[in-house]
Amino acid sequence: MRLTDTVGIEAGAEGFRRHVWTDEGSVLDQAAFSACMARLEPFEDEPLLAIAVSGGADSLALTLLADHWARQRRGRVVGLTVDHGLRSGSDDDARQTGLWLAERDIEHHILTWSGDKPKTGLQRHARDARYALLTAWCMQHGCFHLMTAHHRQDQAETVALRKLRKSGRAGLAAMAAVREIEGLRLLRPLLGIDKARLEDTLRAEAQPWLNDPSNDSQAFERNRLRQAGLDVEKFADEAERQGLYRRDADRQVTEALVRHVIIDPAGFATLDAAGFERLPKDLASDLLTRLLITIGGRIYPPRSDALSRLLDDIRGEVPQRVEQRPGRTLAHCRILKSRGRWLICRERPSPERLMLEPRRAQRWDDRFAIHLFAPQPDLAIGALGGKGRHGEETLKPKGKTRRIAAVMKPTLPAIWRGADLIAIPPLGLYDDSLTPDDLDLQFCPRSPLANGLFMPHISS
């Protein structure tokens, strides 16, 4: 079908600009999309899918394709647009996206990033805010599947950027087709699909889309890389190869974790030094990466050169450094040797102080889930800091008490009322106003130590 009157819309400071296409291309039909979805199974009967949709070609194509797929299974999709409020007209773009979806009887919601915006690291903070808003909506509405429209070019750019930043092999696997986060599944069915096919699909549907002018800005590294002429085939193929490697490595790492690692609910890990020493170097590197990500409350692995130096140090290949105090640090973690074990803990106390809201599940330090049951006012969770000795002298043991190495105590979660220390739950210490039954505190990091196996994308 030749659609000479299909109109695209480009968002800009002066309003929407229109263009007309005349080329006929390769449409991603429903059979091909169903094959992409089959790789992400299982799905429940009558599936509910949340789609992160910006109004751009990629996410609109995904929404339309997923809507048809879900309706065939008596399910439905919901489009979720995050308005970061970072440029003039972003609210208009979000509303326009909703109007287009309404024409197709697709439910749509706008999620707004409110509050003050950071002055540095804006892209990273915006991405974190976007996923926080999306996952919160899914959790509140019982939606187990969140889908994004990352495609083959996005995958290639991710690999190229990670190469520039000297990521290890795990990082070069780039984005997984399926990832479990925050109690739901993050699905990327289009990782093997070229962007041009998605645009052609919209043309065939006579569906306009928005072009975000920030995609042309030279201020962003990804844009500069794209405009320099990235070899998409080369880097996308590497993502596939490294993804298959990572899937196999994940199996081996999981087995090694069971044998050699103990995760403490207070937020640190112990690693059997002798067992770690016997592991092949690649496997030891993967295991150490997993530990650093989990204990440090991170998502991405550390730089490969820094990881390699740390690995050499703690595997005895630089013996003069092995017993160095106060240990090594990397990726927000401190690594110390004690009695034949490596202790991996938070490098320094978290600066976050979170006010607790009774009967509401909350997260602190990106590593702990806390639920306060008692209707007590003015309680907050924050790091213990240098108050450990004071707490042990003034608070009372209630329930199960325990001893923890002094070097790890400052990073422990504690309960405060203003400047007063109320409880140190990991040590089983509380004042008279609180008991262990009044709250539930669980070590629940952003990246679990053992997650589902990495699922590489497979090109279509």
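Calculation criteria
- Residues numbered from 1 in each chain as written.
- Predicted model: local features only at pLDDT ≥ 70, side-chain atom pairs only at ≥ 80, totals over all residues.
- Heavy atoms only, no water.
- Helix = DSSP H or I, 4+ residues; strand = E, 2+ residues; numbered from the N terminus.
- Buried < 20%, exposed > 50% of the residue type's maximum accessible area, 1.4 Å probe, protein only.
- Contact = heavy atoms within 4.5 Å.
- Areas by Shrake-Rupley, 256 points an atom, 1.4 Å probe, with all protein chains shown as cover.
- Polar contact = N/O pair within 3.5 Å; in protein donor to acceptor, adjacent residues only side chain to side chain.
- Axes fitted to C-alpha atoms, helices over the stretch in contact; angles between N-to-C directions.
- Parallel < 35°, antiparallel > 145°, perpendicular 65-115°, else oblique.
- Salt bridge = Lys/Arg side-chain N within 4 Å of Asp/Glu carboxyl O.
- 1 Å grid on protein atoms, 1.4 Å probe; cavity = no way out; pocket = protein on both sides within 12 Å on 5 of 7 lines; lining within 4 Å.
- Points joined across faces, edges and corners; volume = space filled by probe spheres on them.
- Nonpolar A, V, L, I, M, F, W, Y, C, P; charged D, E, K, R; others polar.
- Expected span 1.5 Å × (residues − 1).
- Left-handed = near helix turned anticlockwise from the far one by under 90°.
- pLDDT = per-residue confidence, 0-100.
- Core = buried A, V, L, I, M, F, W, Y, C linked by side-chain atoms within 4.5 Å.
- Phe/Tyr/Trp six-rings, centres within 6.5 Å; stacked < 30°, edge-to-face > 60°.
- Lys NZ or Arg CZ within 6 Å of the ring centre and 35° of its normal.

**Overview of the overall build of the protein**
Looking only at helices and strands, the protein features 13 helices and 23 strands. Relative to its 460 residues, the protein shows a buried fraction of 50%. The contacts of the protein with a sequence gap of at least 6 include a subset with a gap of at least 24, amounting to 70%. A total of about 22,300 Å² of accessible surface is found on the protein, and carbon and sulfur atoms cover 49% of it.

**Digging into the side chain of Thr-201**
Inspection of the secondary structure assignment puts Thr-201 in helix α7 (residues 195-204). Residue class for Thr-201 comes out buried when judged on its relative accessible area of 7%. For Thr-201, the side chain forms a polar contact with the main-chain nitrogen of Leu-28, separated by 2.9 Å.

**A short note on the packing of helix α1 (residues 30-38) against helix α2 (residues 57-72)**
Closest axis-to-axis distance for the α1/α2 pair is 10 Å, and the angle between their directions is 80 degrees. By the angle between their directions, the pair α1 and α2 is classed as roughly perpendicular. The residues of α2 that touch α1, namely those facing Gln-30, Phe-33, Ser-34 and Met-37, are Leu-62, Leu-65, Ala-66, His-68, Trp-69 and Gln-72.

**Topic: the pattern of salt bridges**
When the charged atoms of two side chains lie near each other, side chains of opposite charge can form a pair. For the structure on display, the rule yields 22 salt bridges. Of the charged contacts in the structure, one is a salt bridge between Arg-127 and Asp-128, with a shortest N-O distance of 3.9 Å. You can call Arg-127 partly exposed: its relative accessible area is 25%. Between Asp-194 and Arg-152 there is a salt bridge whose closest N-O contact spans 3.9 Å. Of this pair, Asp-194 sits in the loop between β8 (184-187) and α7 while Arg-152 is found in helix α5 (residues 152-164), placing the two residues 42 residues apart along the sequence. Overlapping salt bridges bring together Asp-91, Asp-92 and Arg-95 as one network.

**Observations regarding the layout of surface pockets**
The probe, sized like a water molecule, is rolled over the atoms to show the empty space still left. One number sums up the size of the second largest pocket: a volume of about 430 Å³. Every residue lining the second largest pocket is counted, 17 residues in all, and those nearest its centre are Pro-265, Lys-400, Pro-425, Pro-426 and Leu-441. In terms of residues, the lining of the second largest pocket owes the most to one element, strand β23 (residues 439-443), which gives 5 residues. Among the residues making up the lining of the second largest pocket, the classes are represented as 10 nonpolar, 3 polar and 4 charged.

**A closer look at helix α11 (residues 281-296)**
Across its 16 residues, α11 extends 22 Å between first and last C-alpha, which sits within 8% of the 22 Å expected from 1.5 Å per residue. Of all the 16 residues making up α11, 14 are buried; the element is thus mostly covered by neighbouring parts of the structure. In the stretch just after α11, Gly-297 is the one whose phi turns positive, near 70 degrees.

**Re the packing of α2 against α7**
Two elements in contact, α2 and α7, have axes whose closest approach is 9 Å; the angle formed by their N-to-C orientations is 60 degrees. The crossing of α2 and α7 is left-handed. Taking contact as the criterion, the partners of Ala-57, Asp-58, Leu-60, Ala-61, Leu-64 and Leu-65 in α2 are, on α7, Lys-195, Leu-198, Glu-199, Thr-201 and Leu-202. Broken down by class, the residue content of the contact of α2 with α7 amounts to 7 nonpolar, 1 polar and 3 charged.

**Observations concerning the confidence of the model for the protein**
Of all residues in the protein, 85% have pLDDT values of 70 or greater, and the mean over the chain is 84. A low-confidence stretch, residues 317-324 (pLDDT under 50), is modelled with 11 contacts involving residues beyond four sequence positions or located in other chains.

**Details of the nonpolar core**
Core analysis: the largest hydrophobic core is formed by 45 residues, its most contacted members being Phe-276, Leu-287, Leu-288, Leu-292 and Ile-415. Counting residues per element, this core draws most heavily on α11, which supplies 7 residues. Not counting chain neighbours up to four residues away, the residues in contact with Leu-292 comprise Pro-302, Leu-307, Leu-310, Leu-330, Ala-331, Cys-333, Ile-335 and Ile-344. Counting 33 residues, the second largest nonpolar core, distinct from the first, contains Leu-62, Leu-65, Ala-70 and Val-77.

**Focus: the packing of aromatic side chains**
Tallied over the full model, the rule gives 3 aromatic pairs. Centroid distance Phe-43 to Trp-69: 5.0 Å. Interplanar angle 65 degrees. Geometry classified as edge-to-face. Taken together, the residues span a long stretch of sequence, with Phe-43 in the loop between α1 and β3 (48-52) and Trp-69 in helix α2 at a distance of 26 residues. Accessibility classification places Phe-43 together with Trp-69 in one group, the buried group. Linked through ring pairs, Trp-364, Phe-368 and Phe-443 together constitute an aromatic cluster. The ring of Phe-43 is capped by Arg-185, whose NZ or CZ atom sits 5.5 Å from the centre of that ring. One cation-aromatic arrangement involves Arg-315 over Phe-276; the distance from NZ or CZ to the ring centre is 5.9 Å.

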